[in-house]
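What follows is the residue order along each chain.
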Amino acid sequence: MTEHVEWSEPEVAATPVTPAVTPADAADAARLVAFGLQPKLPPARDQEYAELLRRYREDPPFARLADAVATGLGLVVLEVSPRAGMAVTAAEDSVFAVRMGDYARRTAADSGDRFLHGLAHLAVAAMAFPRPEDLADDGYIGRVSVNGVDAFVRQACRRLEERAEEQGENTDPATDAPGLEAAWRIWARRSAAGATKDARRLAGSTTGIVGKAVVFLTDSGFLQRTGDDSGGTYRTTARYQLQVRDMAGSAALAELLELGIVPVTDGTASLLPPEDTDDLELVADAGLPFHS
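Novice: Please set out the overall build of the protein residue by residue, giving values where relevant.
Specialist: Summing up its helical and strand segments, the protein has 11 helices and 5 strands in all. Relative to its full complement of 292 residues, the protein shows a buried share of 43%. If you sum the accessible surface of the protein, you get close to 16100 Å²; carbon and sulfur atoms cover 53% of it.

Here is the structure:
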């Protein structure tokens, strides 16, 4: 007698079903990106914003959806956290990108002055986060002043001039030549302040250019004004730290740092005093942030 054995098909593991993306999910993701485009709005002041940030951190599919929305708009997500919110920066081809030419036109600057506006932004970034550990520390708050940034750039101008003389380079090239080597010559010749009849800073003076830069950064949620001393004092925000981290590898910033005025190797000082200041016209009350 043969025993009958019943065979059964092996059980197939159930494939997890990914929930379908709903229009409401897409709307929430877009809403989170929209919050990220309001850099002066802290998450702590908006309950919906804070809730969407929590969802981003706890719901990976939603996070991927929000990242995709940002990418589709030409935005790069730098960080999503309670401290910075949804911090985004515009890719080069994004409709949200602000180009230096457009920025300079807003300030009624000519083409030669575009270098000065770009140099002002580089100097603010270098002085705000002068050491690698400052840029890496989420709790670090950088502080700058308008006069301090101008004095720093003038010191950089002197260092660049000395380097050009040592290398036997032409010390008077065309002002439309690219790079810091051209910008410092224009900056050094420009009046530091100047004033209109009602004692306002001249927009074309170097402190006027720095003033435009810090106002733009403040309006963009990167700086916060803290006082009126030294032409205006400012503190950095988490978003600005993320922005500077993103640009830390740029050639122009690297060139500025390599001058040795803001060393990035051993972190022993953020702004070195010149060997001889007798012929260096520093702005009064510059408030240079020396660090030991």
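Novice: How would you sum up the environment of Arg-190? Please name residues and give values.
Specialist: By the element assignment, Arg-190 lies in the loop between helix H8 (180-189) and helix H9 (206-219). We classify Arg-190 as partly exposed; its relative accessible area is 23%. Taking the C-alpha atoms as reference points, Arg-190 and Thr-207, separated by 17 residues in sequence, lie 9.8 Å from one another. Residues in contact with Arg-190, not counting those within four places in the same chain, are Asp-113, Leu-116, Arg-154, Gly-204, Ser-205, Thr-206 and Ile-209.

Novice: Lay out the sheet that holds strand E3 (residues 143-145) with the relevant residues and their values.
Specialist: Taken together, the 3 strands give an open sheet; going across it, the order is E3-E5-E4, and neighbouring strands pair in antiparallel fashion. At either end of the open sheet lies a strand with only one pairing partner, and these are E3 and strand E4 (223-227). The mean inter-strand angle of the sheet, taken between neighbouring strand axes irrespective of direction, is 35°. Pairing between E3 and strand E5 (residues 233-236): 3 bridges, direction antiparallel. Within the sheet, the bridge partner assigned to Arg-143 lies in E5 and is Arg-235. Lying on the sheet, helix H5 (residues 113-128) is in contact with E3, E4 and E5; it crosses E3 at an angle near 140°.

Novice: Tell me about the pattern of salt bridges, and please be specific about residues and values.
Specialist: Summed over all chains, the structure comprises 12 salt bridges. For Arg-54, the salt bridge is made with Glu-58, and the minimal N-O distance between the two is 2.4 Å. Highlighted residues: Arg-54 and Glu-58, both in helix H2 (residues 47-58), separated by 4 residues, approximately one helical turn. For Arg-54, a relative accessible area of 31% puts it in the partly exposed group. For Glu-58, a relative accessible area of 54% corresponds to the exposed category. Across the pair Arg-225 and Asp-228 runs a salt bridge whose closest N-O atoms are separated by 2.7 Å. Exposure remark for Arg-225: the relative accessible area of 44% places this residue in the partly exposed category. Among the residues examined, Asp-228 registers a relative accessible area of 60% and is labelled exposed.

Novice: Run through the side chain of Thr-237, naming residues and quoting values.
Specialist: For Thr-237, the location among the structural elements is in the loop between E5 and helix H10 (238-247). Taking relative accessible area as the criterion, Thr-237 reaches 16% and is therefore assigned buried. A distance of 2.8 Å separates the side chain of Thr-237 from the backbone oxygen of Gly-221, its partner in a polar contact. Among the polar contacts made by the side chain of Thr-237, one reaches the main-chain carbonyl oxygen of Phe-222 at a distance of 3.0 Å. Other than its neighbours up to four places away in sequence, Thr-237 contacts Gly-221, Phe-222, Leu-223 and Gln-224.

Rules of the game
Residues numbered from 1 in each chain as written. Predicted model: local features only at pLDDT ≥ 70, side-chain atom pairs only at ≥ 80, totals over all residues. Heavy atoms only, no water. Helix = DSSP H or I, 4+ residues; strand = E, 2+ residues; numbered from the N terminus. Buried < 20%, exposed > 50% of the residue type's maximum accessible area, 1.4 Å probe, protein only. Areas by Shrake-Rupley, 256 points an atom, 1.4 Å probe, with all protein chains shown as cover. Contact = heavy atoms within 4.5 Å. Pairing = 2+ DSSP bridges. Axes fitted to C-alpha atoms, helices over the stretch in contact; angles between N-to-C directions. Salt bridge = Lys/Arg side-chain N within 4 Å of Asp/Glu carboxyl O. Polar contact = N/O pair within 3.5 Å; in protein donor to acceptor, adjacent residues only side chain to side chain.

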